[in-house]
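Summary of structural features
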Amino acid sequence: MTSTTSPDPIARRLQTVQHLITSGKLSEAAERLNGVAKTAPKDPRVYLLGMRLGEAAGNPQRAEEAARRAVELEPTWPVAVTEYAALLARQGRFDEALQHGRRAVALDPNNPQVLARMVDVAHDALQIDLATQWLQQLVNLVPQNSGMKLLLATDLRRTGRHDEALTRYDELIAAEPGNNAALLGRAQAWHAKGDDKAALADCATLLDREPQNEEYKFLRALASGETPPSQPAAVVKQLFDPVAYSFDDHMVRGLRYRLPKQVAGLIQGKYPDLKLNVLDLGCGTGLLGVCLGRIQGALVGVDLSEAMTAQAAGHKVYDRFHHVNVLDALAETPAAIYDVIAALDVFIYVGDLTAAIPDAHRILVPGGHLIFSCETAAEDGPQLVLQPTGRYAHKRSHVEALCRSAGFADLSIEDCDLRLEQGQRLQGFLVVARKAS
Ligand SMILES: C[S@@+](CC[C@H](N)C(=O)[O-])C[C@H]1O[C@@H](n2cnc3c(N)ncnc32)[C@H](O)[C@@H]1O
């Protein structure tokens, strides 16, 4: 907020309210905002601030009503429509958000702020083609904005438009040879296009500049045809931070992901009084916690993506979160703490389980259970495969051997459909391993 004095007395009063909201003085903000609303009941800015206040007070319904009122008062004001669209996206109402987003862009197609906000909405809604279209418009308006150009190149790459992405990366690197993000993106685009020689040349430049960078080393290994043992934290975060808002809707409704429900049922069957401590590795948005409900012990989530756990925290069933690598969490937890350790749809990013499974065995109480899912790798191939999807598949016999050598004698491994992938059922297996009492 600026401290410049405005000739508009309503704007000055609204600035004060905004300041009160930012400082957490919500009752005072509400009182003052009611005062402004009495003076200017038809000013949509009052309601946009009402929306902020509603959100700050944790009242999404109030926030939505206020934003809707702002749009009703000034239906052709792009700011109100933009704010309303962004709010709907934050509330996970993506169809409506995009409908209003399209209207905001139509109202003011040459406004970079509106376009930038709507690109965020399209990203949150996982509508990458639409985001790309708006980014193209935005880059034409502000060609000097290298951040937006990089986003455009990334979206083009993510949607398989490698040649267009490469052109954008080339432009960025020509203008700014030290732009490592553009160089990394170009290397990823070369690798995705199948030109690993070009990818390796860019990786070499990057590693000259930052020899210890895990992300660069990971890409170099991929481009060299090797299987790196694990995905670096930066790769995981880039994958999940942007999809946190839409993850549940996309996975559960779109891809028919049922594992959390199934595993919650399994846990409830084994611990009917729900007196247990649970460690949820790669807890994401907390689907397992939601399906499990409140338990009579600790439910602890581990996840690298703070955006994902922010969604999980909203369900108010987790006691705490640790934003660390699953492997570090397992290595550093003292022995005999948890009754259940769950790792659903996460070892596909963790990769090598050689340390994870013995660590899990150590930190379980006697009689405790380790429950995890894997994607299936062919039995006649390597133990661990990094697939073109970027996810690991594990050989079932290898996972079984790891569990047995860690000391899990009581072991069940069932084939299962994990979810849909491009309309097809994705094959995996669910492991339930019990530590001896
Ligand atoms: C596909 S989601 C699954 C989330 C949740 N378990 C579920 O079943 O809905 C994978 C989650 O694991 C997290 N993740 C992946 N690799 C990780 C690692 N090495 N350490 C911690 N979290 C990781 C991601 O951030 C993401 O939230």
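Residues numbered from 1 in each chain as written. Predicted model: local features only at pLDDT ≥ 70, side-chain atom pairs only at ≥ 80, totals over all residues.

Concerning the overall build of the protein chain
Where we set the bar: Under the scheme used here, helices are H or I runs from DSSP no shorter than 4 residues and strands are E runs no shorter than 2 residues, and both carry numbers assigned from the N terminus. In this scheme every C-beta is placed from the backbone, and a residue whose C-beta has 20 or more other C-beta atoms within 10 Å is buried, one with 12 or fewer is exposed, and one in between is partly exposed. Note that contacts rest on C-beta atoms placed from the backbone: two residues are in contact if these are within 7 Å.
Across its full length, the protein chain carries 22 helices and nine strands. With respect to the three principal axes, the spread of C-alpha positions in the protein chain is 75 × 60 × 40 Å. Counting only residues that meet the buried cut, the protein chain has 41% of its 437 residues in that class. Considering only residue pairs separated by 6 or more positions, the protein chain has 53% of its internal contacts joining residues 24 or more positions apart.

Here's the deal with the site of the ligand
This is how the line gets drawn: Using a C-beta atom placed from the backbone, a residue is scored as near a molecule or strand whenever that atom is within 6 Å of it. Throughout this entry, Asp, Glu, Lys and Arg are counted as charged residues, while Ala, Val, Leu, Ile, Met, Phe, Trp, Tyr, Cys and Pro are counted as nonpolar. The remaining residues, Gly among them, count as polar.
What surrounds the ligand is a group of 20 residues, the closest being Gly-282, Gly-284, Ser-305, Leu-344 and Tyr-349. Within the shell around the ligand, the residues separate by chemical class into 14 nonpolar, four polar and two charged.

Things to note about the domain arrangement of the protein chain
Interface size, as often reported, equals the accessible area lost upon joining of the parts. Definition in use: Here the limits of each domain have been adopted from an automatic or database domain assignment.
By the assigned domains, the protein chain splits into domain 1 (148-226) and domain 2 (240-434). Averaged C-alpha coordinates put domain 1 and domain 2 at centres separated by 31 Å.

Quick look at the nonpolar core
Let me state the cut-off plainly: Remark: nonpolar core denotes a set of buried Ala, Val, Leu, Ile, Met, Phe, Trp, Tyr and Cys residues whose joining runs through C-beta atoms within 7 Å.
With 68 residues, the main nonpolar core has Ala-67, Ala-85, Met-118 and Trp-134 as its most contacted residues. The leading source of residues in this core is helix H5 (residues 78-90), at eight residues. With residues up to four places along the chain from it excluded, the contact list for Ala-85 reads Ala-97, His-100, Gly-101, Ala-104, Met-118 and Val-121. Of all hydrophobic cores here, the second largest spans 60 residues; its members include Tyr-318, Val-340, Phe-347 and Val-432.

Re the pairing of strand S4 (residues 338-343)
We apply this condition: Pairs of strands are assigned from DSSP output, requiring at least two bridges between the strands.
Summarising burial for S4: six of the six residues are buried, a large majority. Pairing of strand S1 (residues 278-281) with S4 involves three bridges; the strand directions are parallel. Considered in S4, the bridge of Asp-280 is made with Ala-342. Bridge count between S4 and strand S5 (residues 364-377): five bridges; the pairing is parallel. Looking at S5, one finds that Ile-341 is bridged to Leu-370.

Some remarks on the environment of Ile-128
Looking at the element boundaries, Ile-128 is found in helix H8 (residues 128-141). Ile-128 sits in the partly exposed class, given 17 other C-beta atoms within 10 Å. With 27 residues separating them along the chain, Ile-128 and Asp-155 place their C-alpha atoms 6.5 Å apart. Ignoring anything within four residues of it in the chain, the contact list for Ile-128 reads Asp-155, Arg-158 and Thr-159.

With respect to the packing of H5 against helix H7 (residues 112-124)
As a reminder, the rule being used: Here, axes are lines fitted to C-alpha atoms. For helices the fit covers the stretch in contact, and angles between N-to-C directions go from 0 to 180 degrees. Any angle that is under 35 degrees is reported as roughly parallel, and any over 145 degrees as roughly antiparallel; angles of 65 to 115 degrees are reported as roughly perpendicular and all others as oblique. Crossings are classed by handedness, with left-handed meaning an anticlockwise turn of the near helix from the far one by less than a right angle and right-handed meaning a clockwise turn.
Orientation of H5 relative to H7, taken along the N-to-C sense of each, is 20 degrees, at an axis distance of 10 Å. In this view, H5 runs roughly parallel relative to H7, as classed from their interaxial angle. Crossing hand, H5 versus H7: left-handed. Side by side, H5 and H7 meet where Pro-78, Thr-82, Ala-85, Ala-86 and Ala-89 of the first sit next to Val-114, Arg-117, Met-118, Val-121 and Asp-124 of the second.

Structural notes on the environment of Asp-202
Relative to the helices and strands, Asp-202 resides in helix H12 (residues 196-209). Taking the C-beta count within 10 Å as the criterion, Asp-202 has 26 such neighbours and is therefore assigned buried. Spatially, the C-alpha atom of Asp-202 lies 48 Å from that of Gly-265, the residues being 63 residues apart in sequence. Residues within four places of Asp-202 in sequence aside, it is in contact with Leu-183, Arg-186, Ala-187 and Trp-190.

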